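A structural walkthrough
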Amino acid sequence: MVVANRLPVSWDEESGEWSPSPGGLVSALTPILQRTEGLWVGWSGVPEVGFEPFSHSGIRQVPVELSEQLYLDFYTGFCNGTLWPLYHDAVRAPEFHRHWWRPYREVNEGFAETTVAHIGSDDVVWVQDYQLQLVPAMIRERAKAHRIGFYLHIPFPPLELFAKLPWRRQVIEGLLGSDVLAFQSRSSRTNFSVAARRLTEAEGTTRELSWQGREVQLQVAPIGIDTAQFEELGRAEEVREHAAHIRSELDNPDSVILGVDRLDYTKGIDLRMTAFKTLFDMRPEMVGKVSFVQIAVPSREDVPEYQRIRSEIEGMVGRINGDFAEVGRPPIHYLYRSFGAEELVGYYRAADVMLVTPLRDGMNLVSKEYVATRYDNTGALVLSEFAGASEELHNALVVNPHDVDALADTLGRAVSMDRTEQARRMKALRRTVASKDVFWWAERCLNALGV
Ligand code: G6P
């Protein structure tokens, strides 16, 4: 049983039908759940509507209902106003409100109860991500015999930050309800182990903790993508045509720089814009020869910090274009919408330089997707050292995104990188992304849970 905040399908109001939500997690788990007749417990994404369990894509789907108020306090409030900024280095001030904590507990209870109602005697339950950290212990209290895993997709912060959370002990105890607790990176695992030993009576090491007479295994399992699928899309005739079309619409510049992110303040889109402007200030000969396409996928639009960062970024795009555009040829092309995988790969194939500059990121799959589509070993990846992916993608141009001059320099280096260096780096990157794909990841996690 997979328990995640969202179901792997989403409800389309207009057509009144469910459609699959694409993504690595879903593609990796679908065959496994189909084979084991597994269930997926999750929120439908539509507040106030109670859906009955149903089957889709060969998986039994068990929707959890959320009222509008719970959605606001749990999701917009505690998940994305408290936990998200706190776990991402507090790059925005996390807010601590008791009236958000109680709904978080209540929603976690709802997920645990729904799960327990469907549990079979030898089922393995695998809980996903920061929205559901209390669920492992809640399931254990209600259904003791099952093996329970938890995977944190975002970073676990250092103790100095985590300790600020008024409900820190409850969160750790919730997670310790697992048999296996898995993280994206070694630093997250260490941070958790330190926090658990300091804030509860758990004892042990970075790899294993003893808690209430049980052993809890702490695992590192960096998530990957469906590499073969991205490579195949990259090679597809229509995608290559689309890429050529994008370049010609951009007036065939010497170099296309691309950013693809959910519009989130953790992604460093604002610093990236400043670095781009700095590059033009430093190397004016590049103006008119380099185009920057930023795809910003709308996200969490009800959260005030997301509204603020959106207008900041849009203001910056306007100012930079105002300074450097010729009529019909703005240097920045800003697209605020989501794209399907095929269209997105068209952009990856059109880009000479991929710019991935989060201030903190659990992994960052965009960097891996770009690499997977560069089957001809062309292109350059600029990657923040604060993305989990930088623990694996050593052959990227790794940079501190807070250092705007260094970022501008690195961007200049990426734009001017010769084919030989591109190929040397890209080959090594592609090897990593091919060997540790999302199927490798799922197997590693599920093996540890005895599946
Ligand atoms: C991150 C989180 C996921 C979350 C996704 C999209 O990747 O780790 O748990 O689903 O962002 O955010 P959303 O709030 O739209 O689910």
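Please read all numbers here as calculations on a predicted model, not as lab measurements.

In this fold, Glu48 is placed in the loop between β4 (39–43) and β5 (54–56). For Glu48, a relative accessible area of 48% gives the class partly exposed. Reaching out from Glu48, the side chain makes a polar contact with the backbone nitrogen of Glu68 at a distance of 2.8 Å.

Moving on: the packing of aromatic side chains. Here the structure, examined in full by the defined rule, presents 28 aromatic pairs. On the numbers, 4.8 Å between centres and 65 degrees between planes, the contact of Trp18 with Phe51 is edge-to-face. One end of the pair, Trp18, is in strand β3 (residues 17–20); the other, Phe51, is in the loop between β4 and β5, and 33 residues separate them in sequence. Ring centres of Phe183 and Phe192 lie 5.6 Å apart, and the angle between their planes is 35 degrees; this geometry places the pair in the tilted category. Comparing Phe183 with Phe192 shows no difference in burial state: the two are buried. Cluster of aromatic residues (ring-pair linked, three or more members): Phe74, Phe78, Trp101, Tyr104 and Trp167. Its guanidinium or amino end placed over the ring of Trp84, Arg300 lies 4.1 Å from that ring's centre, counting from NZ or CZ. Positioned above the aromatic ring of Tyr336 is the side chain of Arg310, whose terminal nitrogen or guanidinium carbon lies 3.7 Å from the ring centre.

In spatial order, the strands read β15-β14-β13-β16-β17-β18; together these six strands make up an open sheet with parallel pairing. Of all the strands in the sheet, just β15 (332–336) and β18 (397–399) have a single pairing partner and so form its edges. Strand-to-strand twist across the sheet, computed as the mean angle between neighbouring axes with direction ignored, equals 20 degrees. In the sheet, strand β14 (residues 290–297) pairs with β15 via five bridges, with the strands oriented parallel. By the bridge assignment for β15, Ala296 is matched with Tyr336.

Attention now moves to the site of the ligand. Lining the immediate surroundings of the ligand are Arg6, Tyr75, Trp84, Asp129, Gln131, His153, Ile154, Arg262 and Arg300. Between the ligand and Arg6 there is a distance of 2.7 Å, counted from an oxygen atom to a side-chain nitrogen or oxygen. Separating an oxygen atom of the ligand from a side-chain N or O atom of Tyr75 is a distance of 2.5 Å. When the ligand sits alone it has 380 Å² of accessible area, and the protein chains cover 69% of it. Broken down by class, the residue content of the shell around the ligand amounts to three nonpolar, two polar and four charged.

Ordered in space as β5-β6-β4-β1-β7-β8-β9-β12-β11-β10, the ten strands form an open sheet in which the pairing is mixed. The open sheet has two edge strands, β5 and β10 (203–204), and neither has a second partner. Bridge analysis of strand β1 (residues 2–6) against β4 gives three bridges, and the strand direction is parallel. Each residue of the ladder has a partner; that of Val2, found in β4, is Trp40. Contacts from helix α3 (residues 98–118) reach β1, β4, β6 (59–64) and β7 (124–128) within the one sheet, and its direction differs from that of β4 by about 160 degrees.

A separate point is the domain arrangement of the protein chain. Once the domains are mapped, the protein chain shows domain 1 (2–223 + 439–448) and domain 2 (227–435). One C-alpha centre belongs to domain 1, the other to domain 2; they are set 30 Å apart. Across the contact, 22 residues belong to domain 1 and 20 residues belong to domain 2. The contact between domain 1 and domain 2 buries some 1800 Å² in all, and 56% of this surface belongs to carbon and sulfur atoms. Of all residues in domain 1, the largest losses of buried area upon contact with domain 2 belong to Trp84, Arg92 and Ile223, amounting jointly to 32% of the total for that side. Inspection of the domain 1/domain 2 interface yields two salt bridges. Linking Asp89 and Arg360 is a salt bridge whose minimum nitrogen-to-oxygen distance equals 3.2 Å.

The next subject is the pattern of salt bridges. Evaluated as defined, the whole model comprises 24 salt bridges. Between Glu113 and Arg142 there is a salt bridge, and its shortest N-O distance comes to 3.3 Å. On the criterion of sequence distance, the pair formed by Glu113 in helix α3 and Arg142 in helix α4 (residues 135–142) is long-range, its members being 29 residues apart. Looking at Glu113, the relative accessible area reads 44%, which means it is partly exposed.

Reading the values: the criteria
Residues numbered from 1 in each chain as written. Predicted model: local features only at pLDDT ≥ 70, side-chain atom pairs only at ≥ 80, totals over all residues. Heavy atoms only, no water. Helix = DSSP H or I, 4+ residues; strand = E, 2+ residues; numbered from the N terminus. Buried < 20%, exposed > 50% of the residue type's maximum accessible area, 1.4 Å probe, protein only. Polar contact = N/O pair within 3.5 Å; in protein donor to acceptor, adjacent residues only side chain to side chain. Phe/Tyr/Trp six-rings, centres within 6.5 Å; stacked < 30°, edge-to-face > 60°. Lys NZ or Arg CZ within 6 Å of the ring centre and 35° of its normal. Pairing = 2+ DSSP bridges. Axes fitted to C-alpha atoms, helices over the stretch in contact; angles between N-to-C directions. Near = heavy atom within 4 Å. Areas by Shrake-Rupley, 256 points an atom, 1.4 Å probe, with all protein chains shown as cover. Nonpolar A, V, L, I, M, F, W, Y, C, P; charged D, E, K, R; others polar. Contact = heavy atoms within 4.5 Å. Domains from an automatic or database assignment. Buried area = accessible area lost by both parts, 1.4 Å probe. Salt bridge = Lys/Arg side-chain N within 4 Å of Asp/Glu carboxyl O.

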